[in-house]
Amino acid sequence: MMGMNPRQMKKLMRQMGIKMEELEGVKEVIIRLENKEIILKDPLITIITAQGEKSYQIVPGSEEVRTVISIPEEDIKLVMEQAGVDYDTAKKALEEAKGDLAEAILKLTEE
């Protein structure tokens, strides 16, 4: 297949029942795992359809990995009560403290 021009390649793929198309206007793709997210910014995405099955080829422009912390509702409510703050403030403090209750409460009560 080396040296084959793109037109010949497309014709051959069409004969084999393979269709390729670019997905335009994609800003980011997020892959969510149990404890982290992988954010692919400005990706080039090609959709390949063969025998009725779709495959996505993703080539990222840049990549960012974020750790995701799961914070139980009981912890958020406890921080709200102890620090006298609203839900969003308590949740943000717990996220910044990586789930550490004591650190979150101390941070909020020292301010």
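Going by the structure above, here's the rest.
Residues numbered from 1 in each chain as written. Predicted model: local features only at pLDDT ≥ 70, side-chain atom pairs only at ≥ 80, totals over all residues. Heavy atoms only, no water.

**Thoughts on the sheet that holds strand S5 (residues 53-59)**
The cut-off we apply is this: Following DSSP output, two strands are said to pair if at least two bridges run between them. We count a stretch as a helix when DSSP gives it H or I for four or more residues in a row; a strand needs E for two or more, and each element gets its number in order from the N terminus. A fitted line through C-alpha atoms serves as each axis, taken over the contacting stretch for helices, and the angle formed by two N-to-C directions is quoted from 0 to 180°.
Judged by pairing direction, the sheet is antiparallel, and its three strands sit side by side in the order S1-S4-S5 without closing on themselves. Each edge of the open sheet is held by one strand with a lone partner, namely strand S1 (18-23) and S5. Across the sheet, the mean angle separating the axes of adjacent strands is 20 degrees when strand polarity is ignored. The pairing of S1 with strand S4 (residues 44-50) spans six bridges and is classified as antiparallel. Bridging across to S4, Lys-19 finds its partner in Thr-49.

**A word on the nonpolar core**
Filter applied, for reference: The criterion is simple. A nonpolar core is a set of buried Ala, Val, Leu, Ile, Met, Phe, Trp, Tyr and Cys residues joined through side-chain atoms within 4.5 Å. Partly exposed describes any residue whose relative accessible area lies between the buried limit of under 20% and the exposed limit of over 50%, with all areas from a 1.4 Å probe on protein chains only and scaled to the type maximum. Only heavy atoms matter for contacts: two residues are in contact if any of them lie within 4.5 Å across the pair.
Ile-71, Ile-76, Val-79, Ala-83, Ala-90, Ala-93, Leu-94, Ala-97, Ala-104, Ile-105 and Leu-108 together form the largest nonpolar core, which totals eleven residues. Contributions of two or more residues to this core are made by helix H2 (73-83), helix H3 (87-96) and helix H4 (101-110). The residues contacting Ala-97, other than those within four sequence positions of it, are Glu-103 and Ala-104.

**Details of H3**
We apply this condition: Each C-beta atom gives one direction from the helix axis, and the arc is the one those directions make. Two N or O atoms count as a polar contact when they lie within 3.5 Å, although within protein this holds only if one can serve as hydrogen donor and the other as acceptor, and sequence-adjacent residues are included solely when both atoms are side-chain atoms.
Among the residues making up H3, those that are buried are Ala-90, Ala-93 and Leu-94. The arc that holds the buried residues of H3, viewed along the axis, is 100 degrees, so those residues lie on one side. In H3, the exposed residues that point more than 90 degrees away from the buried face are Asp-88 and Lys-92. Looking at the buried residues of H3, the elements they touch are H2 and H4. With a side-chain oxygen lying 3.4 Å from the backbone nitrogen of Asp-88, the N-terminal cap of H3 falls on Asp-86. A positive phi of about 55 degrees marks Lys-98, the residue just after H3.

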